[in-house]
Amino acid sequence: MASSSRCMFHLSVLLLLALANVATSSLLSPHYYDRVCPEALPTIKRVVKAAVARERRLGASILRLHFHDCFVNGCDASILLDSTPTIDSEKNSRANANSARGFEVIDQIKSEVDRICGRPVVSCADILAVAARDSVVLLGGPTWEVHLGRRDSTTASRTTADADIPSPFMDLGAQIENYRRKGLDQRDLVALSGGHTLGFAQCRVFRNRVHNEANIDPGFASKLRQTCPVSGSDSNLSPLSPKPASFDVDYFKNLMKRKGLLHSDQALFNGGSTDGLVRTYGSNPRAFWADFARSMVKMGNITPLTGNEGQIRLDCKRVN
């Protein structure tokens, strides 16, 4: 009976999360700014395009900002807030300190959009969501309709960021549970992890893998040890996939060769329940693109602030 009660409880929690996502997503619309400021989205695209042309790595950085924002109390731009006497900035969390970047691009977008619109009507949270989509498209990936109408938080939580942003050291079970708490399933986990087709990671987060783990290609590990020695060089970078500025399926192909850079990456293909999805995406780019786009929309709908909740920040770095 106790086991049955626990199962019913977990099912109820999942149902409530699903209903919450449906309820909040119904308040968002791809056409939210069509009348308010029809030039908002083209302006975001223009600034992102210029930034990525200057430095292609920024595309991955902006995508990561949106991901890290949504996993902490929903997609509310809390990651953009600087520390104040009353705000412990998420920028200082373990996942973001000395690694999150691209903030200056978001600030530039906000300035340009407010100028074009004539007033601050576009939230920083929506800017992050659209800029992430535009970054993926510019780097060769799929597009999707971004649901809009989010408002910005008036607070941030470094403690929650430390607890909720998925860690690069997580095993598969921990990742599944982490995503489940956000209303996301295993397909979302593998598809969104495919965002690691873009970008780089610092030595400090893959050192243990390349020096101590067994489920890694020996040649791959040997090469990475040159970049990431047993001690020191914590900030040295290595690409998360062979072409870190190109949105492709090489990330999944690498996992099947035991060449995942992070422990959490390789955990997706290590004899567990997600092996089949990795194989599917590695051999079928269309399937990956479709699922990545679907999961990005789903992630973007995690408990957004809408209506009279929160605010439209005048400056993405601080509360009005």
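Residues numbered from 1 in each chain as written. Predicted model: local features only at pLDDT ≥ 70, side-chain atom pairs only at ≥ 80, totals over all residues. Heavy atoms only, no water.

As for the side chain of Q175
Next, step 1: For Q175, the position within the fold is in helix α7 (residues 172–180).
Next, step 2: With relative accessibility at 5%, the residue Q175 sits in the buried group.
Next, step 3: Other than its neighbours up to four places away in sequence, Q175 contacts M170, L189, S193, S264, A267 and L268. (Helix = DSSP H or I, 4+ residues; strand = E, 2+ residues; numbered from the N terminus. Buried < 20%, exposed > 50% of the residue type's maximum accessible area, 1.4 Å probe, protein only. Contact = heavy atoms within 4.5 Å.)

Here's the deal with the state of the cysteines
Next, step 1: Counted by the stated rule, this structure contains four disulfides.
Next, step 2: Disulfide partner of C70: C75, at an S-S distance of 2.0 Å. An S-S torsion of about 120 degrees defines the bridge between C70 and C75 as right-handed. In this pair, the class of C70 matches that of C75, namely buried.
Next, step 3: With a sulfur-sulfur separation of 2.1 Å, C124 is cross-linked through a disulfide to C316. For the disulfide bridge between C124 and C316, the dihedral angle about the S-S bond is near -95 degrees, and by the sign convention the bridge is left-handed. A residue pair is termed long-range when its members are at least 10 positions apart, and C124 in helix α5 (residues 124–138) and C316 in the segment after α14 (285–300) qualify at 192 residues. Judged on exposure class, the residue C124 and its partner C316 are both buried.
Next, step 4: Here the cysteine-cysteine linkages of the protein chain are recorded as 1-4, 2-3, 5-8, 6-7, numbering only bonded cysteines and doing so in sequence order. (Disulfide = S-S within 2.5 Å.)

Points about the UniProt feature "active site" (unreviewed entry) in the protein chain
Next, step 1: The UniProt entry lists H68 under the feature "active site" (unreviewed entry), expressed in the numbering used here.
Next, step 2: Those residues in contact with H68 that lie beyond four places of it in its chain are I79, A95, N96 and I165. (UniProt positions renumbered as here; feature names shortened; annotations may be inferred.)

Thoughts on α14
Next, step 1: Given a rise of 1.5 Å per residue, 16 residues ought to cover 22 Å, and the 22 Å separating the end C-alpha atoms of α14 matches this to within 8%.
Next, step 2: Within α14, burial applies to A287, F288, D291, F292, A293, S295, M296, M299 and G300.
Next, step 3: Residues of α14 that are buried sit in contact with α3 (57–70), α5, α8 (186–193), α11 (250–256) and α13 (275–283). (Expected span 1.5 Å × (residues − 1).)

Observations concerning the environment of A293
Next, step 1: Here A293 is to be found in helix α14.
Next, step 2: Through-space distance from the C-alpha of A293 to that of L192 is 8.9 Å; in sequence the pair is 101 residues apart.
Next, step 3: With sequence-adjacent residues up to four places away left out, A293 is seen in contact with T143 and W144.

Some thoughts on the UniProt feature "binding site: heme b" (unreviewed entry) in the protein chain
Next, step 1: UniProt's feature table lists "binding site: heme b" (unreviewed entry) at H196, given in the numbering used throughout.
Next, step 2: With respect to the secondary-structure elements, H196 resides in the loop between α8 and β1 (200–202).
Next, step 3: Since its relative accessible area comes to 26%, H196 is described here as partly exposed.
Next, step 4: With residues up to four places along the chain from it excluded, the contact list for H196 reads L240, S241, Y251, L262 and D265.

With respect to the packing of helix α2 (residues 40–54) against helix α4 (residues 103–117)
Next, step 1: Contact pair α2 / α4: the axes reach a minimum separation of 9 Å and the direction vectors enclose 150 degrees. Note on packing geometry: the crossing formed by α2 with α4 is right-handed. Between α2 and α4, the contacting residues are A40, T43, I44, R46, V47, V48, A51 and R54 on the first element and V105, Q108, I109, E112, V113, I116 and C117 on the second. (Axes fitted to C-alpha atoms, helices over the stretch in contact; angles between N-to-C directions. Left-handed = near helix turned anticlockwise from the far one by under 90°.)

Concerning the pattern of salt bridges
Opposite charge on two side chains allows them to pair when their charged atoms are near.
Next, step 1: According to the stated counting rule, one finds 23 salt bridges in the structure shown.
Next, step 2: Taking the shortest distance from any N to any O, the salt bridge between R158 and D88 comes out at 3.9 Å. Note that R158 is positioned in helix α6 (residues 158–164) and D88 in the loop between α3 and α4, a separation of 70 residues in sequence.
Next, step 3: With a relative accessible area of 31%, R158 lands in the partly exposed category.
Next, step 4: A salt bridge links D107 to K317; its shortest N-O distance comes to 3.5 Å. Of the two residues, D107 sits in helix α4 while K317 sits in the segment after α14, which places them 210 residues apart along the sequence. (Salt bridge = Lys/Arg side-chain N within 4 Å of Asp/Glu carboxyl O.)

Overview of the nonpolar core
Next, step 1: One finds L80, I106, I109, F252 and F292 to be the most contacted residues of the largest nonpolar core, which totals 69 residues.
Next, step 2: For this core, the element with the most residues is α5, which contributes nine residues.
Next, step 3: Not counting residues within four places of it along the chain, the set of residues in contact with F292 comprises L63, V136, P142, W144, A191, L192, G195 and F247.
Next, step 4: Of all hydrophobic cores here, the second largest spans 13 residues; its members include A201, V210, I216 and L240. (Core = buried A, V, L, I, M, F, W, Y, C linked by side-chain atoms within 4.5 Å.)

Comments concerning the packing of aromatic side chains
Next, step 1: As enumerated under the stated definition, the model contains twelve aromatic pairs in all.
Next, step 2: Relative to F71, the ring of F67 lies with its centre 4.6 Å away and its plane at 20 degrees, an arrangement referred to as stacked. Accessibility assignment for this pair places F67 and F71 in one class, buried.
Next, step 3: Considering the side-chain rings of Y251 and F252, the 5.0 Å spacing of their centres and the 75 degrees angle between planes classify their relative orientation as edge-to-face. In terms of burial, Y251 and F252 fall into one category: buried.
Next, step 4: Aromatic ring contacts, followed pair by pair, group W144, F247, Y251, F252, Y281, F288 and F292 into a single cluster.
Next, step 5: The ring of F103 carries K91 above its face, with NZ or CZ at 4.5 Å from the centroid. (Phe/Tyr/Trp six-rings, centres within 6.5 Å; stacked < 30°, edge-to-face > 60°. Lys NZ or Arg CZ within 6 Å of the ring centre and 35° of its normal.)

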